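Working through the structure, step by step
Single-letter residue listing:
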Amino acid sequence: TQRVIKKEKPLHNVKLPDFAAFTDVKEKKHAFFDFIRPHVEAENKKILQQRATLEIARMMLEYNEPLSSKQQSDIKKILTSYKLPTTIDTLSLTQALRRVDIIPKELALMQAANESAWGTSRFATEGYNFFGLWCFKKGCGFVPRRRNTGAAHEVAKFDDLSSGMYAYIRNLNRHQAYREMRAIRHQLRNNMQPIVANRLVEGLEKYSERGQHYIDELKQMIKTNRPLMRVNQGDDSKDE
C-alpha cells in the first residue's frame, strides 16, 4: 500500500528521522549525528582498506618483490576510481596515498549539518544530499530555486545516504579545488599527527562561495558541537 504524500515525493524509500520535529536542540543534534556517523565510519573503513592495499604494494616494490596479478588488478581499480594514472610504481603509489585517505568524522558531521540545515533542507529530505553537492547533467537532480540565469548545475540527488556520503568524500579526495586540504592531511600523516577536522577545514575555502567565512563558520560549529559529537564515541582524532 502506498502512502499519500502531499509534499514532493522523496526520491528514496528509507525513512529519514524528522529532524524538524525535534523541540530539544540537544536531542535533535544527537539524532542527526547518530544518523550520519555510521555512514562516515563505513566509508572511512573502506578507504583505510584501500590505503593498506597501496601501502603493502609500495613496500613490496621498494624491496623489488613482484606484485601478484590480483594486487595489480585491485590497485588499478583504486587508481581509476580516484582519477589517477594506472602506472604502478613507488612514485605513483606515494602520490595516490595523498588522495586515498579518510575524512575526519567531525568534519563530515559538521559539513552535513551546515549544508543541510541539520537535516531539514529539501535536498536532504528528498534526495539524500546532505552536503550541497552539485551535478551537471540535465535531470540529474533538483533545479535550485535561486539558480543564476544561464547556470546549468543542479543539486545532486542520491538513492540513499551511503551513496551521498561516497560522493562527498570522493569529491574531497579527487577534485582539484581541495588539493590544499589533501596537502594538509598529507603533512599530518608525514608528521605522524592525527587527521583532525579543525586542521583539514583550512583547505576548504573553495567548498562554498563564502570562502573564508565558510571556514570560520565550520570551525565555530566544530568547537561548539565537539562535546556532543564525542559522546560515547571516544576521541575522534583516533580516526585513522
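Analysis parameters
Residues numbered from 1 in each chain as written. Predicted model: local features only at pLDDT ≥ 70, side-chain atom pairs only at ≥ 80, totals over all residues. Heavy atoms only, no water. Helix = DSSP H or I, 4+ residues; strand = E, 2+ residues; numbered from the N terminus. Buried < 20%, exposed > 50% of the residue type's maximum accessible area, 1.4 Å probe, protein only. Contact = heavy atoms within 4.5 Å. Arc of directions from axis to C-beta. Core = buried A, V, L, I, M, F, W, Y, C linked by side-chain atoms within 4.5 Å. Pairing = 2+ DSSP bridges. Axes fitted to C-alpha atoms, helices over the stretch in contact; angles between N-to-C directions. Parallel < 35°, antiparallel > 145°, perpendicular 65-115°, else oblique. Left-handed = near helix turned anticlockwise from the far one by under 90°. Nonpolar A, V, L, I, M, F, W, Y, C, P; charged D, E, K, R; others polar. Phe/Tyr/Trp six-rings, centres within 6.5 Å; stacked < 30°, edge-to-face > 60°. pLDDT = per-residue confidence, 0-100. Salt bridge = Lys/Arg side-chain N within 4 Å of Asp/Glu carboxyl O.

Here's the deal with the overall build of the chain
- Looking only at helices and strands, the chain features nine helices and three strands.
- Taken from N to C terminus, the helices and strands of the chain fall in the order α-α-α-α-α-β-β-β-α-α-α-α.
- Every one of the 240 residues in the chain was classed for burial, and the buried ones make up 42%.
- In the chain, once contacts between residues fewer than 6 apart in sequence are set aside, the share between residues at least 24 apart is 61%.

Describing helix H3 (residues 90–99)
- Those residues of H3 lying buried are Ser92, Leu93, Ala96, Leu97 and Arg99. One side of H3 holds all its buried residues, which, seen down the axis, span an arc of 150 degrees.

Observations concerning the nonpolar core
- Core analysis: the biggest nonpolar cluster contains 63 residues, and Phe32, Ile36, Met110, Phe130, Tyr168 and Tyr207 have the highest contact counts within it.
- Those elements that place two or more of their residues in this core are helix H1 (25–62), helix H2 (69–81), H3, helix H4 (105–116), helix H6 (161–174), helix H7 (179–190), helix H8 (197–200) and helix H9 (212–229).
- Top element by residues in this core is H1. It accounts for 10 residues.
- Each residue touching Met110, except ones within four places of it in the same chain, is listed here: Phe33, Trp118, Leu218, Met221, Ile222, Asn225 and Met229.

Some words on the sheet that holds strand S3 (residues 154–156)
- Pairing within the open sheet is antiparallel, and its three strands lie in the order S1-S3-S2. At either end of the open sheet lies a strand with only one pairing partner, and these are strand S1 (134–135) and strand S2 (141–142).

Section: the packing of H1 against H3
- Here H1 crosses H3 at 155 degrees, and the two axes come no closer than 9 Å. In terms of axis orientation, H1 runs roughly antiparallel to H3. Relative to H3, the crossing made by H1 is left-handed. In contact with Arg51, Leu54, Glu55, Ala57, Arg58, Leu61 and Glu62 of H1, H3 contributes Thr90, Leu93, Thr94, Ala96 and Leu97.
- Its residues placed into classes, the contact of H1 with H3 shows six nonpolar, two polar and four charged.

Things to note about the packing of aromatic side chains
- Summed over the entire model, instances satisfying the criterion amount to 12 aromatic pairs.
- Each ring, one from Phe35 and one from Phe130, has its centre 6.1 Å from the other, and the planes form 50 degrees; the classification is tilted. With Phe35 in helix H1 and Phe130 in the loop between helix H5 (122–127) and S1, this residue pair connects regions lying 95 residues apart in the sequence. Side by side, Phe35 and Phe130 carry an identical accessibility label, which is buried.
- Among the aromatic residues, ring-to-ring pairing joins Phe19, Phe32, Phe33, Phe35, Trp118 and Phe130 into one connected group.

Notes on the confidence of the model for the chain
- Mean pLDDT for the chain: 90, with 88% of residues reaching 70 or above.
- Confidence over residues 3–12 falls short of pLDDT 50; this stretch has 19 contacts with residues more than four positions distant or in other chains.
- Low pLDDT, under 50, characterises residues 234–240; the stretch is placed with 20 contacts to residues that sit more than four places away or in other chains.

Topic: the pattern of salt bridges
- For the structure on display, the rule yields 11 salt bridges.
- Here Asp101 and Arg189 are joined by a salt bridge, their closest N and O atoms 2.8 Å apart. Placement of the pair is Asp101 in the loop between H3 and H4 and Arg189 in helix H7, with a sequence separation of 88 residues.
- Residues Arg226 and Glu106 are paired through a salt bridge, measuring 3.0 Å at the closest nitrogen-oxygen approach. Taken as a pair, Arg226 in helix H9 and Glu106 in helix H4 lie far apart in primary sequence, 120 residues in all.
- Residue Arg226 is classed as partly exposed on the basis of its relative accessible area of 23%.
- Linked through salt bridges whose partners overlap, the residues forming this network are Arg51, Glu55, Asp101, Arg185 and Arg189.

Observations regarding the environment of Leu107
- Among the structural elements, Leu107 can be located in helix H4.
- Between the C-alpha atom of Leu107 and that of Asn198, which follows or precedes it by 91 residues, the distance is 7.7 Å.
- Among residues more than four places away in sequence, those in contact with Leu107 are Tyr168, Ala197, Leu200, Val201 and Leu204.

Describing the side chain of Glu43
- Inspection of the secondary structure puts Glu43 in helix H1.
- Glu43 has contacts with Ser162, Met165, Tyr166 and Ile169, leaving out every residue within four places of it along the chain.

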